[in-house]
Amino acid sequence: MKKSIKHIIITILLFTALTCFGAINPIQLRCEYHVNPLGIDVLQPRLSWQLESDERNQKQQAYRILVASSLEKLETNEADLWDSGEVRSDKNIQIVYEGRPLTSRQQCWWKVAVMDQDGKASDWSEPALWSMGLLESTDWKAQWIGFDKIPELTEEPVREEPEIVIIKARYGAPDNSSQQVDLAEKLKNLVASGTYRFKITNEFAGRDPAAGAKKVLELEYTLQGRNRKLSLNENTDVQLVTPKVKKLLNRRYLPAPHVRKEFEVKGTVAQAVMYVTAQGFAEMHLNGQRIGDEFFTPGWTDYNKRIYYRTYDVTDLLQSGDNAIGGIIGDGWFRGNVSNLGQNQYGDKIRLRSQLHIDYADKRTEIVASDSSWKAAFGPILESDMQAGEVYDARLEMPNWSRPGFNDHQWAAVDTGSALSTPPLIQAYPGVPVRRTEELQVVQLTEPMLGVHVFDMGQNFSGWARLRVNGQSGDKIVMKFGEMLNPDGSVHTKNLRSARATDTYILKGGGEEVWEPDFTFHGFRYVEVTGLRNDPPKDTLTGIVIHSDAPMTSSFECSNPMLNQLHSNILWGQRSNYLEVPTDCPQRDERLGWTGDTQVFIRSGSYHQDVASFFTKWLVDLEDTLNERNLYGKQAPVMHGRGSPGWSDAGIICPWTIYKVYGDTRVIEKHYDGMTRYLEACGRKGLNGLGNGFGDWLSVGSKTPLDVISVAYYAYVTQLMAEMADVIGKEEDAKKYQELFERIRPHFQASFVDSDGRVKGNTQTAYCMALYYNLLTETQRKQAAEHLVERIKAKDYHLSVGFLGVPILLPTLTEIGRNDLAYRLLQNKTYPSWGYSVEQGATTIWERWNSYTLEGGISKSSMNSFNHYAYGACSEWMFDTMLGIDLGSIGYKSIKMKPEVGHDITWAKGHYDSIQGRISSDWKIEGETFHWEISVPVNTTAEVYFPVGSTGDITEDGRVVPRSKFKQKDGRLMLHLGSGTYAFAVQNAQN
Ligand code: BGC
């Protein structure tokens, strides 16, 4: 007791010393990157804040953090969990909690005060909160529950027909066209009539085209978008649909179980918190209200290894007396379709596990946990699958099912027990929840065929359509989703392959009905609707945009409208694909966390959204892919194998990027062991790296040799490892990796670089890799730079890079002093270029440079997504070089502002909300004057490079800046600035 009074007095004294008004104030308090996160399980979480000030050149000199177990205590400065004391430091991010050990369900209220460089103290910040989750496995009292009954079908399942396109069918003597008969038309008719098997005989062909000879049917067709070429002997039974596809077509989906439990609240509730996890998806309800606004919870992981739980404060939803909890369980990634592998990838049963803790004012705690006393039934959701879509029969709704007093006598007992034989880890969700973030209105409505209405949302995106409809009970509205239109105006679904992407709503009748699905999403721009009774108004559908709701952090605009549209397309590509994991595409039967795509885009992605938590989570998914051969997956969660240079290297490149952008060294420490093991695996073939792989995926007009790519990536990630080892104090390792790099580099030169500095393959990507990853001697650099330029000229100033070349093409050109070429490539509108897709009306980034052409229409390739962000990896250059907003040092503690102006661009403006606060750059050229307005966050500095020379004055806010203040650096005038906003004008600007 004595001690605590003494403690309070000291606290008050220090507090008073800190409370006189200062020039800087702490704002935006975050814990583990989140504002007031609930239920975390990081035992020593990291705290960050930003600083605001009206004055320039502001810095933090010291801080003090208080953490208390209640808001009341915090308000009286009774820091019973942690008082950091006054810490002399300019650090305001990633400050590790060092107070009392934290226990399950602990509430941690905190605030911070800071001192500026002149010793002036700020007021205390607003209070912030984090709470701990269930830290011990024994904290889980709840059981896994579900409902395993296989119900009778109430609706005919939506029958899926195979997609078959006959390309060639010639029957007769092989290699003798005069003795063959063309059966293509016959087969097309057969397929159109729904017959997919036949016996190839003379009778079938209508005649014997080569009497006496051995006859063969040369057949070529596509099945679900995939090419098949077959040579089949006479009398063979031909099955156009393979057993694998047949299995996919015969998929049966089960209804979503609803579970419920009533309970009583006896007393005054201080707080009620619900912890929920699922094998499948769980949507919880309390007293008739959906809990939270998150979708697809608890998220996607390798469920065999770990499953996350979510935490919700439900205090406001409880009432005294009778209460009811309800839960709906969806198939999700657990039991639903994943990639083209079909259903049941993790299990064939689905489960939820929920635990409600009611803390009463009188200190009692009661737990309402899922167990065998809960009851179950099926409701209106007849089918729900991420790829197939949802079937909802509103006639089967059960009003008030999650309210107390609902009659559940017909409900059955739940089934209990995990759907997995080995229990995985149950952990707190570290990521960013998927939420609805925007609504889109229909821009056009057509009726290409009688009764078939096509709604155009004007934008390709991920989400679903909200349906608003009037009709009679039993009316069935079918909505098919797609990204493009066929020439006849119908919705193109071929490129979705086996993803049914169809939602069906069956009306209950009796007035307006409004419906949205719960457990599915689609990648689409168009919706083809059948079953509407009357001509629908446009607002029959509304587009609901969903994605991982990481804060948007930037803006970009410039004088070239094509680039503004490109920027918008890149952003929509990211929003559509940063959905629980960074996926390749949101529409077809793939939607996987492809590691190559992720690593090429991550730096761009980190400009557009605060992706720190999103990647904190995904990097665990990636670590979970490491196998006994120590290779990271080609996707995470892994579905189709491991390795491949440029893909599995994401295991090193992504942590490194998160460290750079957010000053996060913990991500290095956490994954260091895995990264080391992976790097060793890369060295198994000596200095050659991993060897074969996907290569410079989907490049056009040139192929970069796989061995060049393999060694280049090995060298690149080895350098990153040397840097990361050094940062976390592993000097020996840093030395070892540096030495390894020093050996790979000459090996690269000896193996692939000729005496003229020509790199094997002689492709744009090969030169970019050699130059950008620092693999050449000084002399070779100069030569390779010339070859790169020559390669661009040879393509008539077009790019020929694929996924791996795309992020480094423009940065390499900047590095070799050819910004003119970088701008030229970026602003090209002819094929292949970024501008080409924009010119064709794209609203997202395409998978291929020619996913669609005016001449050929939609590419026939089975792999043709219109929403694949990889080629959007030019965005980092648009931010760091066009706007000039770049990292000067780790976590934007210092900022490099070096815009490259001109090249037909007369103005550019934008901002980036870094972990330190907002950085902005807004430049324009007006006659002979160059204007540049910038802002630099408090507690950071910037090296500001004037992109133009001048014989005239350089003014800031109208006042001449003396030349003595500038330095010459990298051939430019450079000013070292502190925080604040500045408006420069350069007279007689010369570029
Ligand atoms: C995916 C890619 C991925 C690639 C690897 C494709 O099917 O869509 O984006 O990186 O496979 O080869």
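The structure we're discussing is the one just above.
Note that the structure is a prediction, hence the values are computed from the model and not measured.

Looking at empty space enclosed by the protein
Here the structure, examined in full by the defined rule, presents four cavities of 30 Å³ or more. The volume enclosed by the largest cavity comes to roughly 120 Å³. Together, 18 residues line the largest cavity, and Ala282, Glu283, Glu294, Thr297 and Tyr312 are the ones closest to its centre. Secondary-structure elements contributing two or more residues to the lining of the largest cavity are strand S17 (269-279), strand S18 (281-286) and strand S20 (306-313). Counting residues per element, the lining of the largest cavity draws most heavily on S18, which supplies four residues. Of the residues that constitute the lining of the largest cavity, the class distribution is eleven nonpolar, two polar and five charged. Approximately 100 Å³ is the volume attributed to the second largest cavity. Looking at the lining of the second largest cavity residue by residue, the classes come out as nine nonpolar, four polar and two charged.

Describing the site of the ligand
Taken together, the neighbourhood of the ligand is formed by Asp584, Arg588, Glu590, Trp594, Asp597, Trp647, Phe694, Trp697, Phe803, Glu847, Met863 and His868. Between the ligand and the protein, one listed contact pairs an oxygen atom with a side-chain N or O atom of Arg588 at 2.8 Å. Within the side chain of Trp647, one N or O atom sits 3.0 Å away from an oxygen atom of the ligand. Against a free-state accessible area of 310 Å², the protein chains account for coverage of 96% of the ligand. Residues that form the shell around the ligand fall into these classes: six nonpolar, one polar and five charged.

Notes on the layout of surface pockets
One number sums up the size of the second largest pocket: a volume of about 1,000 Å³. With five residues, the top contributor of residues to the lining of the second largest pocket is helix H17 (residues 806-815). Of the residues in the lining of the second largest pocket, the class split is 16 nonpolar, nine polar and eleven charged.

Let's talk about the sheet that holds strand S16 (residues 257-265)
Taken together, six strands build an open sheet; the order of strands is S19-S18-S21-S16-S24-S27 and the sheet is antiparallel. Looking along the sheet, the strands with just one partner apiece sit at the ends: strand S19 (289-290) and strand S27 (412-413). Sheet topology note: the S16/strand S24 (residues 375-378) ladder contains four bridges and is antiparallel. By the bridge assignment for S24, Arg260 is matched with Lys375.

Concerning helix H16 (residues 778-794)
An α-helical segment advances 3.6 residues per turn. Residues three or four places apart therefore align on the same side. In this model H16 runs 24 Å from its N-terminal to its C-terminal C-alpha over 17 residues, within 8% of the 24 Å that 1.5 Å per residue would give. When H16 is considered as a whole, its buried residues turn out to be Gln780, Arg781, Ala784, Ala785, His787, Leu788, Val789, Arg791 and Ile792. Tucked into the core, H16 has its buried residues touching helix H14 (731-752), helix H15 (764-772), H17 and helix H18 (819-827). One or two steps after H16, the chain reaches Asp796, where phi turns positive at roughly 55 degrees.

How each quantity is defined
- Residues numbered from 1 in each chain as written.
- Predicted model: local features only at pLDDT ≥ 70, side-chain atom pairs only at ≥ 80, totals over all residues.
- Heavy atoms only, no water.
- 1 Å grid on protein atoms, 1.4 Å probe; cavity = no way out; pocket = protein on both sides within 12 Å on 5 of 7 lines; lining within 4 Å.
- Points joined across faces, edges and corners; volume = space filled by probe spheres on them.
- Helix = DSSP H or I, 4+ residues; strand = E, 2+ residues; numbered from the N terminus.
- Nonpolar A, V, L, I, M, F, W, Y, C, P; charged D, E, K, R; others polar.
- Near = heavy atom within 4 Å.
- Polar contact = N/O pair within 3.5 Å; in protein donor to acceptor, adjacent residues only side chain to side chain.
- Areas by Shrake-Rupley, 256 points an atom, 1.4 Å probe, with all protein chains shown as cover.
- Pairing = 2+ DSSP bridges.
- Expected span 1.5 Å × (residues − 1).
- Buried < 20%, exposed > 50% of the residue type's maximum accessible area, 1.4 Å probe, protein only.
- Contact = heavy atoms within 4.5 Å.

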